[in-house]
Structures are given as structure tokens and as C-alpha cells.
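Here are the chains, one letter per residue:
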Amino acid sequence: MFVVTAKEMYDTDRYAMERVGLEGKMLMENAGRAIAREMEASLAENDNIMILVGKGNNGGDGFVIARTLLERGYAVEVLQCAETSDIRGDAAFHREVLLNMGYSISEYEGQDVESLLQDKDVVIDALLGIGIKGAIRPPYDYLITLINQYQGKVLSVDLPSGIPADEGYEVHQAVEADQTIVVQFPKVSSFLQHTAAFYGDWTTVDIGLPSNVIQSGENQKKVWGRRDVVRTLPSRSSFSHKGTHGKGLVIGGAVAMPGSIAMTSRAALRAGAGLLTIATVQENVTALAANVVEATYHTLPSQHGHIRSLGELDFSYDGIAIGMGMGRHEQAPTIMKEALLQTEGTLLIDADGLYALKQVLPSLSDREGTTVLTPHPGEMAHLLGITVPELLQRPFSYAQSFATEHDVYVVLKGAFTLITNPKGDQWINPTGNAGLAKGGTGDVLSGILLSMLMQPQTVEEALCNGVWIHGYTADILIEQKHSSYDLLASDVIDGLPATYRNIFS
Ligand SMILES: NC(=O)C1=CN([C@@H]2O[C@H](COP(=O)(O)OP(=O)(O)OC[C@H]3O[C@@H](n4cnc5c(N)ncnc54)[C@H](OP(=O)(O)O)[C@@H]3O)[C@@H](O)[C@H]2O)[C@@H](O)CC1
Ligand SMILES: [K+]
């Protein structure tokens, strides 16, 4: 499923009209009818419905929705919140059709909308769509405030009015929808931390727009769904052996932090790694060996409880993960630089490793092999030299510029984990829940990703599948046995068998 910006949506619209021959009126008809059909699932037969219609094409959709619902017998009142002379083009056309069918339209002229809403069960918000620019102007500011005070159900058309399609905007005022019916493609703002909640539950409707424009465009954004996982996750040959499933190495840990590396390693093994070696400080090996019995160990020289150097470490592995529980200390950048230069194959860098990386960033360009960074917003902001709020305003652009500049894959963790490849293509992961906001879940993700990177699939597939599996496992655990309060990172490791059984069933 493609995720689009306002520009991509307008380009597609133009292409459909100018090149394909789908008229704007027809698209609006398709949109309004499909949205009305979808909304019916949330409506009761005798609901009193108010549609608030704005001046642009979002309002145009509103006229079609009104007509469709009226024809189906619903009690619908249409409140046009713009001057008739300001309504133009396809929206004006569908306004006329509504009137020609014998239905009436009330115009907003400063009347008491609050009391008009009092006897309504549902408000349909068709005030503003992807054409919004700047701070909300009257009368929409007042109407949005009223909608948000209103106690009944609020259904938004395409976007909750006031929310732009794109990233990079501060939102001061917007409709808090219970449900949003999105035209054709989800917009970027449904995956941003500060705007997603305004959408409520959202779903898309197909209005017959072609996807060629987006498919042929640069820097595509897609949601990675269950079907993608089932399609790409390699099943195992009965003739495979442990070497076929990847020989991995995890470098990290310190005396004060033995848990991280244990979780990464257990997760990697559970997720399917064939062989795993843990390289860590000698003080931790005995305890770790009792905990992760399937791994082999390489002891590293230590100083003050952390890794002093990588010593005689052998780097010939199918995949290497570094950084978890390593600590932030003086030797860390030198260790990181060595790992960057010595690892010929795939190198995944997480946690403290990312802080060390910041100091040796130029070495990234000396690498031939695949590099994967798995930062949370704090780590990503540190790497970019910006603040977390700045990053969260534009996570898509920042992840993209970093990935393309440094020729790396970036897995930016968050409520909507974003995977970016070095070309700048992006995938959004829809799985996961608040239970994952707990220490150790990042270590577990690194382990799953390390394992995935060693299986026969592309790097993109490995990362998207790994992130999906991690989130999905947490979702199943919350649904069946845990809650978002008590879920632990190690529960996610223990939940992996059920996930695999489910995917391959
Ligand atoms: N393929 C597609 O794309 C299809 C799209 N479709 C639908 O069309 C929608 C996009 O329509 P659109 O372009 O007319 O924009 P939309 O948001 O309705 O209105 C913008 C108007 O609002 C105003 N305005 C702007 N900012 C403002 C503010 N801050 N505060 C107050 N007012 C503000 C501004 O007027 P201005 O005040 O600048 O004169 C402008 O004229 C889209 O979301 C979808 O629902 C479907 O019908 C079919 C296929
Ligand atoms: K809207």
C-alpha cells in the first residue's frame, strides 16, 4: 500500500484527468460514493447526520456523500460553510446535482451551530482536505472547535480537517475524528506521532485512481503488511543445515549491562539464526553462557567493566550486530571504527554503538558491505545533530537524507517504525503497540533483524519482515496473554514461535 504526500496526490489526480481521461467530476463521484458506503458501516438507520461542507474539493466529496446517504434514506442536513460563489469546478457541479435532486443545502451565516449539532448523532467533516495551507482561518477555526466539543460520532472525509497530508507542519487546531475515510492512498500524516491520533480509526477507499505516477516516482513510501511478509519470508528447505541459516556475531555488553546482549542473542537464535557467537567482556561470559546456552563465546579484553578493544576478533560472519549494552566510553569510537572497516559483510549498529558511530561517521563511506542502523528517535536526532522534536516533525525526510548521504539502511524505531534504504525508498511498519515502549525491546529487535539479514531475502525484505515480526509478536501477546503494562522484552522472544507458526500456517 502506497503512502503519499499532497503533491503526489495532486500529480496522480492530474495524470488521471489529463492522461487517462478520468474526469474530475467522475473521481469526485467515485470518492463520495465509496466514502458514503464505507461510512454506512458506522451509521444506524435512524441517525441524524450533519455534514459540514467546506469550499474546496473535500467539500465537493461532502456533497456527493450527502446525496448518496439521502438517497439511501438517512436523515442528512447539509451545512455549507463557504459562500456559494467560492465553490467552483467539480465541487460546484456536485452541489448543483444535489440541489437538482430536490435536496436542500443550508448556508452557514454565523448561526448557532452548537445548537444545530445538539440533536445530531453523527457529524461528517468535509471542511478541509489535502489543500489546507497555514493556520486555520474563520469560519473553520470556530467550526473545528465546535466539532471537537461535540459529543457524538465524528467521521472525517480524507483527512481530519486541519491536518495537512505532509510532514513538517505544526498542528494547532484540527478535528479529532473517531474515524477517517481516506481517499485512495493513506497520507504521510497518518504515520506521524503528532498527527496520527487525529485520524481515529482510518481506512482507505478505492476511487479508481491509477498508481502509475507514484509507482514511477522516486522515493516511494509504502506500508509493509502481512501479505508482504507471507510473500517474502523465506520458508526453509528440508535440506538446509545450521550454516545455511546464517552464522552471526553479536558484539557488545559491559559488566553493568549483561542483559542487552543476552536478549539480542536469544532473539537472533529464536528468529532463526543458525549459529551465533557472542563477543563480550570476559567478566560476563560465565553468566551469559548459562543464559544463552546455544551460543558460542569470544572473550574481549576489558577495562573498567567495558570492552577495551576487539583484540583478535574474527570478522568473517554472515552478519554482525554491534553496540547493544556496550556503554558510552572513550574506546567506543575506536572499536566502532574497527568494526566498520573490518566487517566485509552486513553490519548492524544499535544503541551505544550509534553514539560511538557519530564520532567516526566518515568511515561509513569506506565500507563496501551493507550497513544497517537501528536508532530510536533520540539516537537518530543525535546522529543528525538536531533535537528530537525537530526529528519527529519530519522523520521521513530526515531518515531519507541520512540514509542516502551515508549509503546506509536506517530503521528509525517508533510507534510507526520507518525503514529507509540507501536510495531513499521507505516502508512503514504497522504492527506493534505501547507494550514495546520498554527497556530491552530494541535489543530484541536487533537480534531479530540480525537473523533476518542472514536469511535469503533482500536487505529491505529482511528489515521490513523483522520489524513486522517484532511488532506483530507484541500485538499477539497483548491480545492473548499480556497487557501493554506487563509485557517484557523477553516475552517478545518467547512469543516468536507463535508468530512463525501463524505466518507459515
Ligand atoms: N485525487 C484527488 O486528489 C482527489 C481529491 N478529492 C478530494 O479533494 C480534496 C482536495 O481538494 P482541494 O484541493 O480543493 O483542497 P481542500 O482541502 O478541499 O480545500 C482547500 C480550500 O480550503 C481553503 N483553505 C486552505 N487552507 C485553509 C486554512 N488554513 N484555513 C481556511 N481555509 C483554508 C482554500 O481556500 P482559500 O481560503 O485559500 O481561498 C482552499 O480553496 C481531497 O482532500 C479529497 O477530499 C476527491 O474529490 C477526488 C480525487
Ligand atoms: K475533512
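Residues numbered from 1 in each chain as written. Chains lettered and ligands numbered in written order. Predicted model: local features only at pLDDT ≥ 70, side-chain atom pairs only at ≥ 80, totals over all residues.

The protein appears in an unreviewed UniProt entry as Bifunctional NAD(P)H-hydrate repair enzyme from Pontibacillus salicampi.

S.K.: Explain the pairing of strand β14 (residues 319-322) to me, please; I cannot follow it from the model alone.
M.R.: Remark: a regular strand shows side chains that alternate across the two faces of the sheet. Of the two faces of β14, both are covered, the one formed by G319 and A321 as well as the one formed by I320 and I322. Relative to β14, strand β9 (residues 247-251) runs parallel, the two being bridged by four bridges. For I251, the partnering residue across the bridge sits in β14 and is I322. Pairing analysis gives four bridges linking β14 to strand β15 (residues 346-349), with the strands arranged parallel. Considered in β15, the bridge of G319 is made with T346. The β-α-β motif built from β14, the intervening helix α11 (residues 332-342) and the parallel element β15 has right-handed crossover chirality. (Buried ≥ 20, exposed ≤ 12 C-beta atoms within 10 Å, placed from the backbone. Helix = DSSP H or I, 4+ residues; strand = E, 2+ residues; numbered from the N terminus. Pairing = 2+ DSSP bridges. Right-handed = clockwise from strand over helix to strand, strands pointing away.)

S.K.: Hey, could you run me through the sheet that holds strand β6 (residues 179-183) in this one?
M.R.: The strands that make up a sheet are held in pairs by hydrogen bonds between backbone atoms, and each pair lies either parallel or antiparallel. Taking strand neighbours across the sheet as the criterion, the seven strands line up as β3-β2-β1-β4-β5-β6-β7 in an open arrangement whose pairing is parallel. A single partner strand is all that each edge strand has here, and the edge strands are β3 (106-107) and β7 (201-205). Of the strand pairs in this sheet, strand β1 (residues 48-53) and strand β4 (residues 122-126) are connected by five bridges, and their pairing is parallel. Residue pairing across strands places L52 opposite D125, the latter belonging to β4.

S.K.: What's the story with the site of ligand 1 in this structure? I'm lost.
M.R.: Around ligand 1 lies a shell of 30 residues, among which G56, N57, N58, G129 and G131 are the nearest. Every element with two or more residues in the shell around ligand 1 is listed here: α1 (6-20), α2 (24-40) and α3 (57-71). Its residues placed into classes, the shell around ligand 1 shows 14 nonpolar, 10 polar and six charged. (Near = placed C-beta within 6 Å. Nonpolar A, V, L, I, M, F, W, Y, C, P; charged D, E, K, R; others polar.)

S.K.: Please clarify how helix α6 (residues 140-149) should be interpreted in this entry.
M.R.: At 3.6 residues per turn, the α-helix brings residues three or four places apart onto the same side. Residues of α6 that are buried: Y140, L143, I144 and I147. End-on, the buried residues of α6 take up no more than an arc of 100°, which puts them together on one face. (Arc of directions from axis to C-beta.)

S.K.: Would you mind showing me how to read the sheet that holds strand β18 (residues 418-420) here?
M.R.: An order of β8-β19-β18-β17-β16-β15-β14-β9-β10-β11 is seen for the 10 strands of this open sheet, with the pairing classed as mixed. Two strands bound the open sheet, and with one partner strand each, they are β8 (221-223) and β11 (296-300). Strand-to-strand twist of the sheet, defined as the mean angle between neighbouring strand axes without regard to direction, takes the value 15°. By the bridge criterion, five bridges tie β9 to strand β10 (residues 275-281) in an arrangement that is parallel. Residue pairing for β10: K247 is matched across the bridge by L275. Helix α16 (residues 441-453) rests against β9, β14, β15, β16 (371-373) and β17 (409-412) of the sheet, and its axis sits at about 170° to β15. (Axes fitted to C-alpha atoms, helices over the stretch in contact; angles between N-to-C directions. Contact = placed C-beta atoms within 7 Å.)

S.K.: Would you take a moment to explain the nonpolar core for this structure?
M.R.: Looking at soluble globular proteins, one finds that nonpolar side chains tend to be buried together. Formed by 153 residues in total, the largest nonpolar core has its most connected members in I51, L52, I65 and L449. A total of 10 residues in this core trace back to one element, the largest contributor, which is helix α17 (residues 459-480). Both domain 1 (6-217) and domain 2 (226-232 + 239-503) contribute no fewer than three residues apiece to this core. When sequence neighbours within four positions are dropped, the list of residues in contact with I65 reads G32, I35, A36, I51, I124, A126 and V157. (Core = buried A, V, L, I, M, F, W, Y, C linked by C-beta atoms within 7 Å. Domains from an automatic or database assignment.)

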